[in-house]
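Architecture at a glance
Below are the chains, spelled out letter by letter.
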Amino acid sequence: MSYIPTILKEVETVLGQVEEGKLKEVAEQLVKAKRIFVVGEGRSGLMGKSFAMRLMHLGATVYVVGETITPSIEEGDLLVAISGSGTTKNVVWTAEKTGSLGCSVIAVSTNPESPLSAASTGLVHVPAATKYRRENELATIQPLGSLFDQCVHIVFDSICLQYSELKKVDHAEAFGRHSNLE
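A few points on the structure. (Residues numbered from 1 in each chain as written. Predicted model: local features only at pLDDT ≥ 70, side-chain atom pairs only at ≥ 80, totals over all residues. Heavy atoms only, no water.)

Here five strands make up an open sheet; going across it, the order is 2-1-3-4-5 and the pairing parallel. What marks the edges here is a single partner per strand, and that holds for strand 2 (62-64) and strand 5 (122-125). Within the sheet, the average angular offset between the axes of one strand and its neighbour, ignoring direction, is 20°. Sheet analysis places strand 3 (residues 78-82) next to strand 4 (residues 104-109), joined by five bridges and oriented parallel. Looking across to strand 4, one finds that A81 is bridged to A107. Of the strands in this sheet, strand 1 (36-40), strand 3 and strand 4 touch helix 4 (residues 89-100), which is tilted by about 160° from strand 3. (Pairing = 2+ DSSP bridges. Helix = DSSP H or I, 4+ residues; strand = E, 2+ residues; numbered from the N terminus. Axes fitted to C-alpha atoms, helices over the stretch in contact; angles between N-to-C directions. Contact = heavy atoms within 4.5 Å.)

Quick look at the structure:
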């Protein structure tokens with residue numbers, strides 16, 4: 001079996017079902033937000049951190065929940081909460097707390113019926129397989145939530161591209177924010 005073509009086909013199948021218009025809406029919300037906070041656990045959290053990094057390169061004021069330099073969230077801020085299942089306890093709790101403070105929450109999940117989706121003001125539905133392999137999930141050859149995480153990374157890059165166009169941030173400006181301590 002040739003794994004790379006199979007993985008690419010799986011990713012293409014999932015991404016073909018993601019609403020492009022929703023990604024533009026999210027980019028527009030990010031532009032309007034005073035500050036952006038990102039939360040996720042495990043590999044989904046790593047996808048969130050990569051998203052936060054790219055948003056920083058594009059000029060956003062962005063924080064990762066749980067990091068030592070993350071301030072308290074305030075009115076006008078926005079949280080992006082990532083959980084394939086939509087049931088990850090810390091992610092759901094953070095979304096609920098954020099909502100109780102009057103801030104917007106964008107969920108990124110496979111499950112529109114999840115507690116995370118219920119606690120959110122918006123949803124980016126990424127219909128990939130999760131580690132739970134619920135019966136309505138897409139079949140995959142990959143372990144655990146790999147397919148979800150791969151697709152989320154591309155979804156976030158698409159949002160960042162739209163964000164950069166809205167903010168008129170070109171490559172040179174983004175490169176100027178790239179780390180120079182390496």
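The discussion continues.
For the rest of this paragraph, the subject is the pattern of salt bridges. The full count for this structure, using the stated rule, is eight salt bridges. Here K24 makes a salt bridge to E28, at a shortest N to O gap of 3.7 Å. With K24 and E28 both in helix 2 (residues 20-32), this residue pair falls four residues apart, about one helical turn. Look at K24 and you get partly exposed, because its relative accessible area is 43%. (Salt bridge = Lys/Arg side-chain N within 4 Å of Asp/Glu carboxyl O. Buried < 20%, exposed > 50% of the residue type's maximum accessible area, 1.4 Å probe, protein only.)

Counted by the stated rule, this structure contains zero disulfides. Unpaired in terms of disulfides, C151 finds its nearest cysteine sulfur in C160, a separation of 16 Å. C151 gets classed as buried once you look at its relative accessible area, which sits at 0%. The class for C160 is buried, based on a relative accessible area of 4%. (Disulfide = S-S within 2.5 Å.)

The next subject is the pairing of strand 1. Within strand 1, four of the five residues are buried, which leaves the element mostly enclosed by the surrounding structure. Taken together, the three bridges between strand 1 and strand 2 define a ladder with parallel strand orientation. Bridging from a neighbouring strand, F37 pairs with Y63 of strand 2. Both strand 1 and strand 3 contribute to a ladder of five bridges, which runs parallel. Residue G40 lies in a different strand from strand 3, and its bridge partner there is I82.

Position of H171 relative to the elements: it lies in helix 7 (residues 171-177). On the basis of relative accessible area, H171 is assigned to the exposed category, the value being 65%. The sequence separation of H171 and T140 amounts to 31 residues, and the corresponding C-alpha distance is 35 Å.

Helix 6 (residues 146-167) packs onto helix 1 (residues 3-15) with a crossing angle of 60° between their chain directions and a minimal axis gap of 10 Å. Relative to helix 6, the element helix 1 lies oblique. In this structure, the crossing between helix 1 and helix 6 has a hand that is right-handed. Here I7, E10, V11, V14 and L15 of helix 1 lie close against helix 6, whose contacting residues are L147, Q150, C151, I154 and V155. When its residues are assigned to classes, the contact of helix 1 with helix 6 shows eight nonpolar, one polar and one charged. (Parallel < 35°, antiparallel > 145°, perpendicular 65-115°, else oblique. Left-handed = near helix turned anticlockwise from the far one by under 90°. Nonpolar A, V, L, I, M, F, W, Y, C, P; charged D, E, K, R; others polar.)

Take the packing of aromatic side chains next. Taken as a whole and judged by the stated rule, the model has two aromatic pairs. With centroids separated by 5.4 Å and ring planes inclined at 35°, the aromatic side chains of F37 and Y63 adopt a geometry described as tilted. Taken together, the residues span a long stretch of sequence, with F37 in strand 1 and Y63 in strand 2 at a distance of 26 residues. Centroid distance F51 to F156: 4.0 Å. Interplanar angle 10°. Geometry classified as stacked. With F51 in helix 3 (residues 42-57) and F156 in helix 6, this pair connects stretches of sequence that are 105 residues apart. (Phe/Tyr/Trp six-rings, centres within 6.5 Å; stacked < 30°, edge-to-face > 60°.)

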